[in-house]
Structures are given as C-alpha cells and as structure tokens.
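A look at the structure
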Amino acid sequence: MEQKTYHLFLDDARMPKDVKWVELPLVTWVIVRNYNDFVRTIERDGLPQSVSWDHDLSDEHYKEYAWAHDDKNLKKGQFQYDKMKERTGYDCAEWLANYCVDKQLNIPIYYVHTLNPIGAKNIISILESARKAIELKV
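The text that follows walks through the structure, step by step, so that each part is easy to find. (Residues numbered from 1 in each chain as written. Predicted model: local features only at pLDDT ≥ 70, side-chain atom pairs only at ≥ 80, totals over all residues. Heavy atoms only, no water.)

**Considering the sheet that holds strand 4 (residues 109-112)**
If you walk across this open sheet you meet the four strands as 2-1-3-4, and the pairing is parallel. Each of the sheet's edge strands pairs with one partner strand only, and the pair in question is strand 2 (29-32) and strand 4. Put simply, the sheet's adjacent strands are angled 20° from each other on average, direction ignored. In terms of strand pairing, strand 3 (residues 50-53) meets strand 4 through four bridges, oriented parallel. The partner of Ser 52 across the bridge, within strand 4, is Tyr 111. Sheet strands in contact with helix 3 (residues 89-103) are strand 1 (7-10) and strand 3, and its direction is about 155° off that of strand 3. Along the sheet face, helix 4 (residues 117-137) touches strand 3 and strand 4 and points at about 165° away from the line of strand 4. (Pairing = 2+ DSSP bridges. Helix = DSSP H or I, 4+ residues; strand = E, 2+ residues; numbered from the N terminus. Axes fitted to C-alpha atoms, helices over the stretch in contact; angles between N-to-C directions. Contact = heavy atoms within 4.5 Å.)

See the structure below:
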C-alpha cells in the first residue's frame, strides 16, 4: 500500500475552521465524523501525518457529559460511555495507539480540540503511553 500524506480531523459536527481555541496548522484536513470512518480511513490510507481529536462524537455523548456534571446527579463526575452505541474519540485514540504499537509506527503529531477536559486528558494519556511503549521497543 502506498502511504498518503494527509491530516485527519475527527469531529462529529465541527469543521477545522470552527476550532478557535487550539491553533491547528493551515493544512487540508481529511474530515471523519465517527469511529468507523476513522479506522477505515487509516486502514485505507495509512497513518496520517497529524490528527486533531474531538472526544464526544454523538448526541448521546453530550447528554452523558451533561448528566455527569449535573448537581442533581448522585453519581456526579461518573461517565458511562461503555453503555453507549457510538464510540468516542477516546476509542479512536485507543485503536490508533494499538495500531501504532503493533506495527511499530510513531504516534502522529496530534492536537486535542475537544471541549471535554476529562476526555482530552484520557486521549492524551493513551497516546503518550503508546509513544513510550514504542520507544521502549526500539
């Protein structure tokens, strides 16, 4: 497979120009809206040069996030993403981390543009853990 040079933007609704709180490079982005498109694009085109991540990729994720931050919720701060139909940006990051570790490929440059602070922390954590695992195997 010939590897393409491209940049991947994962977000269910926004376009790269809509992201004003993270300085994204002025490149042409391939836009994917969900987990399946994310995986399919990388399997077809190879590893992107960079990825910009959103965490919550569907309405059910937004509702869960709001519920987890509601003062009326007795389990405030607890997310139940595992019970959802649509996978999150974290699931995409986990897939990419495993893909890179298995194939001994460097983690691409990444930006995290999600407005979900816990989701952002989790995405960064799994990508950095994979980066360290890959470095240890070299």
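**Structural notes on the packing of aromatic side chains**
Where two aromatic rings form a pair, the distance of their centres and the angle of their planes describe that pair. All chains considered together, the criterion is met by five aromatic pairs. Here Phe 9 and Trp 29 contribute two aromatic rings whose centre-to-centre distance is 6.0 Å and whose plane-to-plane angle is 65°, an arrangement assigned as edge-to-face. With Phe 9 in strand 1 and Trp 29 in strand 2, the pair connects residues that are 20 residues apart, well separated along the chain. Classification of Trp 29 by relative accessible area gives buried; the value is 11%. Ring centres of Trp 95 and Tyr 99 lie 4.9 Å apart, and the angle between their planes is 25°; on these two criteria the pair is classed as stacked. Linking Trp 95 with Tyr 99, this pair stays in helix 3, spanning four residues, or about one helical turn. The class of Trp 95 is buried, set by a relative accessible area of 17%. Judged by its relative accessible area of 12%, Tyr 99 falls in the buried class. Cluster of aromatic residues (ring-pair linked, three or more members): Phe 38, Trp 53, Trp 95 and Tyr 99. (Phe/Tyr/Trp six-rings, centres within 6.5 Å; stacked < 30°, edge-to-face > 60°. Buried < 20%, exposed > 50% of the residue type's maximum accessible area, 1.4 Å probe, protein only.)

**Points about the nonpolar core**
Counting residues in hydrophobic clusters, the biggest one holds 29 residues, and the most contacted among them are Phe 38, Ile 42, Trp 53, Trp 95, Leu 96 and Leu 127. For this core, the secondary structure elements donating two or more residues are strand 1, helix 1 (35-45), strand 3, helix 3, strand 4 and helix 4. With eight residues, the single largest contributor to this core is helix 3. With near-sequence residues (within four places) excluded, Trp 95 lies in contact with Tyr 35, Phe 38, Val 39, Ile 42 and Glu 43. Core analysis: the next-biggest nonpolar cluster, separate from the first, contains five residues, Phe 9, Val 19, Leu 24 and Trp 29 among them. (Core = buried A, V, L, I, M, F, W, Y, C linked by side-chain atoms within 4.5 Å.)

**Let's talk about helix 1**
Restricting attention to buried positions, one finds in helix 1 the residues Tyr 35, Phe 38, Val 39, Thr 41, Ile 42 and Asp 45. For helix 1, the angular spread of buried residues about the axis comes to 160°, placing them on one side. Residues of helix 1 that are buried sit in contact with strand 1, strand 2, strand 3 and helix 3. Its side-chain oxygen placed 3.2 Å from the backbone nitrogen of Asn 36, Asn 34 serves as the N-cap of helix 1. In the stretch just after helix 1, Gly 46 is the one whose phi turns positive, near 85°. (Arc of directions from axis to C-beta. Polar contact = N/O pair within 3.5 Å; in protein donor to acceptor, adjacent residues only side chain to side chain.)

**As for the packing of helix 1 against helix 3**
With their axes 9 Å apart at the nearest point, helix 1 and helix 3 run at an angle of 25° to one another. One finds that helix 1 runs roughly parallel with respect to helix 3. In the crossing of helix 1 with helix 3, the sense of the turn from one axis to the other is right-handed. Across from Tyr 35, Phe 38, Val 39, Ile 42 and Glu 43 in helix 1, the residues of helix 3 making contact are Asp 91, Cys 92, Trp 95, Leu 96 and Tyr 99. Of the residues belonging to the contact of helix 1 with helix 3, the class tally is eight nonpolar, no polar and two charged. (Parallel < 35°, antiparallel > 145°, perpendicular 65-115°, else oblique. Left-handed = near helix turned anticlockwise from the far one by under 90°. Nonpolar A, V, L, I, M, F, W, Y, C, P; charged D, E, K, R; others polar.)

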